[in-house]
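# Examining the three-dimensional arrangement
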Amino acid sequence: MTLDDIKEEIRKANKIVILTHESPDGDAIGSSMAVFLALKSNNKDVDIIIPEMPRTFEFLPGISEIKKESDIEKYDLAIALDCADLKRLNGVATYFENAKKTIVIDHHSVNTMFGHYNYVNPVSPACAQILFGIFEYFGIEITKEIGTCLITGIITDTGGFKYSN
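Residues numbered from 1 in each chain as written. Predicted model: local features only at pLDDT ≥ 70, side-chain atom pairs only at ≥ 80, totals over all residues. Heavy atoms only, no water.

## Considering the overall build of the protein chain
Scanning the protein chain for helices and strands turns up five helices and five strands. Over its C-alpha trace the protein chain gives a radius of gyration of 14 Å, about what one expects of a compact globule, namely 15 Å for 165 residues. Considering only C-alpha atoms, the protein chain reaches an extent of 40 × 35 × 30 Å along its principal axes. A separation of at least 24 residues holds for 65% of the contacts in the protein chain among residues at least 6 apart in sequence. As presented, the protein chain carries roughly 8,200 Å² of accessible surface, and 49% of it is formed by carbon and sulfur atoms. (Helix = DSSP H or I, 4+ residues; strand = E, 2+ residues; numbered from the N terminus. Rg over C-alpha atoms; globule rule 2.2 N^0.38 Å. Contact = heavy atoms within 4.5 Å. Areas by Shrake-Rupley, 256 points an atom, 1.4 Å probe, with all protein chains shown as cover.)

Next up, the structure:
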């Protein structure tokens, strides 16, 4: 599996859903929003589903696009971000399980590699940092909006750059 494989799956997909773990933190929400905005800017038909979210992150660009649920039963592609195992997708796991193809992008060393394609870097301090590299590789412009989402993920998962990671 390479990033080229992931890029090809995204290219082929008509309907994409973005998911993250239950009780999402800044990295989960920031990473999810960054991918959502990046895919939207590349004219992809994409949903982002986060059933419950702290109000703290209402400042993020595009946050009003988040859905609590979807009536689409089978997406072409599901992308799980900042999530180490399927159980943590509590409440949205069905969207992931029913998708034709699945991608997991994460930084947790305990990741169970539960997707068809798994891009996991356990030395990264945040999923958002991994995404920065992926966007660069894919040639996706880091706009102010995408950058705001990525830096939110990095700052929250590093405790404002205080943690050793």
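From this point on, the discussion continues.
## What to know about the nonpolar core
Formed by 40 residues in total, the largest nonpolar core has its most connected members in I10, M33, I79, L131 and F135. Sorting the residues of this core by element identifies α1 (3-12), β1 (15-20), α2 (26-41), β2 (45-48), β3 (77-81), β4 (101-106), α4 (127-138) and α5 (144-157) as the ones contributing at least two each. With eight residues, the top contributor of residues to this core is α2. When neighbours within four sequence positions are excluded, I10 is seen to be in contact with I16, L39, K44, L77, I79, I103 and F138. Membership of the second largest hydrophobic core comes to 15 residues, among which are V17, I49, A78 and V104. (Core = buried A, V, L, I, M, F, W, Y, C linked by side-chain atoms within 4.5 Å. Buried < 20%, exposed > 50% of the residue type's maximum accessible area, 1.4 Å probe, protein only.)

## Describing the sheet that holds strand β5 (residues 117-120)
Ordered by their spatial adjacency, five strands build an open sheet running β2-β1-β3-β4-β5, and the pairing between neighbours is parallel. Pairing within the sheet leaves two strands with one partner each, and these edge strands are β2 and β5. The sheet shows a mean angle of 15 degrees between the axes of neighbouring strands, direction not considered. For β3 and β4, the ladder comprises five bridges, and the chain directions are parallel. Pairing of L81 across the sheet is with I105, part of β4. Docked against the sheet, α1 engages β1, β3, β4 and β5, running at close to 130 degrees with respect to β5. (Pairing = 2+ DSSP bridges. Axes fitted to C-alpha atoms, helices over the stretch in contact; angles between N-to-C directions.)

## Considering α5
The end-to-end C-alpha distance of α5, which contains 14 residues, comes to 20 Å, matching closely the 20 Å that a straight helix rising 1.5 Å per residue would cover. I146, C149, L150, T152, G153, I154 and D157 are the residues of α5 that are buried. Where α5 is buried, its residues contact α2 and α4. Taken from the residues just after α5, G159 is the one with a positive phi, measuring 60 degrees. (Expected span 1.5 Å × (residues − 1).)

## Describing the pattern of salt bridges
For the structure shown, the criterion picks out seven salt bridges. Between R11 and E8 there is a salt bridge, with the nearest N and O atoms lying 2.6 Å from each other. In this pair, R11 and E8 are both assigned in helix α1, three residues apart and thus about one turn of the helix distant. For R55, the salt bridge goes to E58, with nearest N and O atoms at 3.2 Å. In this structure, a network of salt bridges that share partners links the residues K15, D45, D47 and K67. (Salt bridge = Lys/Arg side-chain N within 4 Å of Asp/Glu carboxyl O.)

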